[in-house]
Amino acid sequence: MSCTGVRLWIQDHHVVIDNGILQVTLSKPGGLVTGVQYNGLDNVLEVLNQEGNRGYWDVVWSALDDSGRNGVFEVINATCFKVIVETEEQVEVSFSRPWDPSLRGKLAPINIDKRFVMLRGSSGFYSYAIYEHLGSEEWQAFSLGETRIAFKLRKDKFHYMAVADDRRRYMPLPDDRLAGRAQPLAYQEAVSLVNPVVPEFRGEVDDKYQYTCENKDLMVHGWISDDPPIGFWQITPSNEFRTGGPLKQNLCSHVGPTCLAVFVGAHYAGDDLVPKFGQGEPWKKVFGPVFIYLNSTMCGQHPHTLWDDAKRQMMVEVNSWPYDFPASEDFPNSCHRGNVRGRLLVRDRHIDNDDITANGAYVGLAPPGDVGSWQRECKDYQFWTEAACSGEFSINNVRAGEYNLYAWVPGFLGDYRYHLPITIAPGCDIDVGNLIYEPPRDGPTLWEIGIPDRSAAEFHVPEPDPKYVNQLFVNNPKSNFRQYGLWEKYGELYPHCDLVFTVGESDYRKDWFYAQVPRRKEDNSYEGTTWQIKFRLETVHRAAIYKLRMALAGATLAEVQVRVNDPNKPRPLFTTGLIGRDNSIARHGIHGLYWLYNIDISGSLLVEGENTIYLKQPRNQSPFQGIMYDYIRLEGPPN
């Protein structure tokens, strides 16, 4: 590692930052990353691409007026360059792009200030940005569909990708996706590799959505070059600036070789996770900093060990959060933040007479809202932690502001919200004491299907069609749901009659298909499906109310109609109506947004002996219109 101080060269059309370990070149005044020189390689970014298509911030936005600007993709080209810090210890530069009403309809109506930071002795560089929509009537209403940082690496060098310990491999080339080498599948992101440059990939499916990660797991990912042995990694040490909470899924690395840091995106959620700003609505947010880390092997080491080093560096960055070096006043350091701690217990007298420690609960602070609103929150900051086995939790380094405290506990239905708002002031340390979560419960469990964990992963995930296999997920039970085309297997398993689950006999791990999707017919059209849950009741209290708890792990333009003991009744007992746009079935997500329905069933609808609940999903214009269940429970009347 070099001890050279950080140096800055300002040229006519470029800015170069160098600390003796790596050298970063940025366009001036646009602020696009045109080159990264490291370990003898003149540029790790794709030199065959135009300078504007190597490393950049971008947005996708839509005007919420009659201008017709919808889904506009914009690479953020700054118009003003400024040196913020220039010392031997640190260089921070700013590339800003102000907005004014003369740009209406041309650019996203936000001021954007992109920052790049390099420190002495650091094998990488940082980037963050401040976005602002001013509180003036001249500032048009708009929605922000996506914003991210993207890096396109050299395809002749970076062939090995790692996004998790069980998802890392040599990857196909971008050329393999071109016409003549690939066959398009059901949507443009997925192709079958029929004539790849490297023959070993023949017959595999490549689809960028197979490599998405939940925010809580999306801390480090990237690529490795064997010659020279170099790693390029994107490290995100905090999720506070990402939208949708810890379970929100985002793209990361995929064939390109592409490396992304996604901050706002609608994937696996739909329009609910697209922030919308009214005309003149004030808003400001800091995205990042994220760390772009480069590493190389010591003599004799295998290049793939760079993944282990990247994970180690990720922990260094996490333990350094919040950073103390960003010069913007909009990024508060630890002295200007506060902490919240406490203990979460679960009270369910039908399980245990004593309160249960909320082991592994996800506890977080998010903007004030309704119970569970955090998973659709997409404008401001969220701060999450995982409770210890004792139920104790500590949420540290929270930005000043007003929040609600939210939680959910794996193994229990529903969401918790603390009844009082929590105001964070700089330096505060708030102890909320013991908190009691009483999950939805009216009576004893008569039967249950699945595990209440907001995922459909525990249900039956079929083996993929041999024509559509990604070898990475073969014999990989944690990721078997990521294989392409699994939705079509339902029609093969149930060609004429739909799924029937018999309580006490069936096993949800084998007999409950992971998604309720339409069945393909012989003419290649689709038809809705009706699943049955059969169960016996020895006695029925006909004047009492039974409760059906139905938790959904995802929904895509689908509906669940519930009928009891009469599948042909014109009006269902309950319907969700048309819900969901998460598209998780097509995108191998195993969950999208969480939905919980609590359905009253009159005892007069039940009989002593065998009963049947019918779950009808009638929507059938697409194979991806479907439901993924999380958990279903029938409760008897209250004692």
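Residues numbered from 1 in each chain as written. Predicted model: local features only at pLDDT ≥ 70, side-chain atom pairs only at ≥ 80, totals over all residues. Heavy atoms only, no water.

Counting its regular elements, the chain contains three helices and 45 strands. Relative to the globule expectation of 26 Å for 639 residues, the C-alpha radius of gyration of the chain, 26 Å, shows essentially globular dimensions. Based on the C-alpha atoms only, the size of the chain along its principal axes is roughly 85 × 60 × 55 Å. The proportion of buried residues among the 639 residues of the chain is 59%. Expressed as a percentage of contacts within the chain between residues at least 6 apart in sequence, the contacts between residues at least 24 apart total 70%. For the chain, the accessible area works out to roughly 25,400 Å², and carbon and sulfur atoms hold 47% of it. Once the 64 positive and 81 negative side-chain charges of the chain are each reduced to a mean point, those two points are 3 Å apart. (Helix = DSSP H or I, 4+ residues; strand = E, 2+ residues; numbered from the N terminus. Rg over C-alpha atoms; globule rule 2.2 N^0.38 Å. Buried < 20%, exposed > 50% of the residue type's maximum accessible area, 1.4 Å probe, protein only. Contact = heavy atoms within 4.5 Å. Areas by Shrake-Rupley, 256 points an atom, 1.4 Å probe, with all protein chains shown as cover. Lys, Arg positive; Asp, Glu negative; His and termini not counted. Charge placed at Lys NZ, Arg CZ, Asp CG, Glu CD.)

With respect to the helices, strands and loops of the structure, V117 is situated in strand β9 (residues 111-119). A residue is classified by how much of its surface remains accessible, and V117, at 1% relative accessible area, is buried. What V117 contacts, discounting residues up to four positions off in sequence, is Q90, V91, E92, F125, Y126, Y128 and F325.

This part covers the nonpolar core. Generally speaking, soluble globular proteins have nonpolar side chains that are buried together. Judged by nonpolar contacts, the single largest core of 113 residues is most densely connected at F151, F232, L344 and L405. Broken down by element, this core gets its largest block of residues, eight residues, from strand β24 (residues 283-296). Composition of this core by domain shows at least three residues from each of domain 1 (7-168 + 211-320) and domain 2 (334-437). When residues no more than four places from it in sequence are discounted, the contact partners of L405 are V340, V363, G364, L365, F393, Y416, R417, Y418, I422 and L435. (Core = buried A, V, L, I, M, F, W, Y, C linked by side-chain atoms within 4.5 Å. Domains from an automatic or database assignment.)

What follows is about the state of the cysteines. In this structure the tally under the stated criterion is zero disulfides. There is no disulfide at C335, and the cysteine sulfur nearest it, in C428, is 13 Å away. Residue class for C428 comes out buried when judged on its relative accessible area of 17%. (Disulfide = S-S within 2.5 Å.)

It is worth spelling out the pattern of salt bridges at this point. Note on pairing: side chains with opposite charge can pair once their charged atoms come close. A full pass over the atoms with the stated rule returns 44 salt bridges. Salt-bridge contacts for R115 lead to D113; the nearest nitrogen and oxygen are separated by 3.0 Å. Judged by relative accessible area, R115 falls into the buried class, the value being 9%. For the salt bridge of R454 with D415, the shortest nitrogen-to-oxygen distance reads 2.9 Å. Of this pair, R454 sits in the loop between β34 (445-450) and α2 (489-493) while D415 sits in the loop between β30 (401-408) and β31 (416-417), and the two are 39 residues apart along the sequence. You can call D415 buried: its relative accessible area is 17%. By sharing partners, the salt bridges in this structure join D442, K547, R549, D600, R633 and E635 into a single network. (Salt bridge = Lys/Arg side-chain N within 4 Å of Asp/Glu carboxyl O.)

Pairing is mixed across the open sheet formed by five strands, whose spatial order is β35-β38-β44-β40-β41. Taken across any chain shown, the strands that pair with only one partner, and hence form the sheet edges, are β35 (500-502) and β41 (574-575). Across nine bridges, strand β38 (residues 529-537) lies against strand β44 (residues 609-617) in antiparallel orientation. Bridge pairing in β44 links Q532 to Y614. (Pairing = 2+ DSSP bridges.)

Another point: helix α1 (residues 306-319). The end-to-end C-alpha distance of α1, which contains 14 residues, comes to 20 Å, matching closely the 20 Å that a straight helix rising 1.5 Å per residue would cover. Elements that come into contact with the buried residues of α1 comprise β10 (124-133), β12 (158-164), β13 (167-170), β18 (220-226), β19 (229-235) and β24. (Expected span 1.5 Å × (residues − 1).)

As a further point, take unusual backbone geometry. In this model, G256 is joined to P257 through a cis peptide bond whose omega is -15°. Take P257: it is sitting in the loop between β21 (253-254) and β22 (258-265). Between G288 and the following residue, P289, the backbone shows a cis peptide bond with an omega angle of 5°. Mapped onto the elements, P289 comes out in strand β24. Positive phi is not limited to glycine here, since Y268 has a value of about 65°.

Considered domain by domain, the chain is made up of domain 1 (7-168 + 211-320), domain 2 (334-437) and domain 3 (445-635). Each of domain 2 and domain 3 has a C-alpha centre, and these two points are 31 Å apart. Overall, the association of domain 2 and domain 3 removes approximately 940 Å² of surface from exposure, summing both partners, and the carbon and sulfur fraction of that is 55%. Of all residues in domain 2, Q375, R376 and L413 give up the largest surface area on contact with domain 3, accounting jointly for 57% of the area buried on that side. On inspection of domain 2 and its partner domain 3, the count reaches one salt bridge. Summed over the shared surface of domain 2 and domain 3, the result is five residue pairs in polar contact (both at pLDDT 80 or more). Within the side of domain 2 that touches domain 3, the residues separate by chemical class into six nonpolar, three polar and two charged. (Buried area = accessible area lost by both parts, 1.4 Å probe. Polar contact = N/O pair within 3.5 Å; in protein donor to acceptor, adjacent residues only side chain to side chain. Nonpolar A, V, L, I, M, F, W, Y, C, P; charged D, E, K, R; others polar.)

This paragraph deals with the sheet that holds strand β16 (residues 205-207). Ordered by their spatial adjacency, three strands build an open sheet running β14-β15-β16, and the pairing between neighbours is antiparallel. Two strands in the sheet have a free side with no partner beyond their single neighbour: β14 (182-184) and β16. For this sheet the average axis-to-axis angle between neighbouring strands, irrespective of direction, equals 30°. Where β14 meets strand β15 (residues 190-193), three bridges bridge the pair, whose relative direction is antiparallel. Looking at β15, one finds that Q183 is bridged to S192. (Axes fitted to C-alpha atoms, helices over the stretch in contact; angles between N-to-C directions.)

Moving on to the pairing of β9. Regular strands place their side chains on alternate faces of the sheet. Counted residue by residue, β9 has nine buried out of nine residues, so it is predominantly covered. The alternating pattern of β9 places N111, D113, R115, V117 and L119 and I112, K114, F116 and M118 on opposite faces, both of which are buried. Pairing of strand β8 (residues 90-97) with β9 involves eight bridges; the strand directions are antiparallel. Residue pairing in the sheet places V91 in a bridge with M118 of β9.

As for its placement among the helices and strands, L365 is situated in strand β27 (residues 362-366). C-alpha of L365 to C-alpha of Y403: the two residues are 38 residues apart in sequence and 5.8 Å apart in space. Discounting chain neighbours no more than four positions away, the residues touching L365 are V340, Y381, Q382, F383, I395, V398, Y403, N404, L405, I422 and I424.

Right, let's get into the packing of aromatic side chains. Under the criterion given, the structure shown has 46 aromatic pairs. Ring centres of Y323 and F325 lie 4.8 Å apart, and the angle between their planes is 25°; on these two criteria the pair is classed as stacked. Exposure remark for Y323: the relative accessible area of 2% places this residue in the buried category. The cationic tip of R454 hangs over the ring face of Y594; the distance from NZ or CZ to the ring centre is 3.9 Å. (Phe/Tyr/Trp six-rings, centres within 6.5 Å; stacked < 30°, edge-to-face > 60°. Lys NZ or Arg CZ within 6 Å of the ring centre and 35° of its normal.)

Time to look at the side chain of E635. For E635, the location among the structural elements is in strand β45 (residues 626-635). Overall, E635 belongs to the buried group, its relative accessible area being 0%. A distance of 3.2 Å separates a polar atom in the side chain of E635 from the backbone nitrogen of G443. Only 2.9 Å separates the side chain of E635 from the side chain of R549, close enough to count as a polar contact. Apart from residues no more than four positions distant in its own chain, E635 is found in contact with P440, R441, D442, G443, P444, L446, Y546, K547 and R549.

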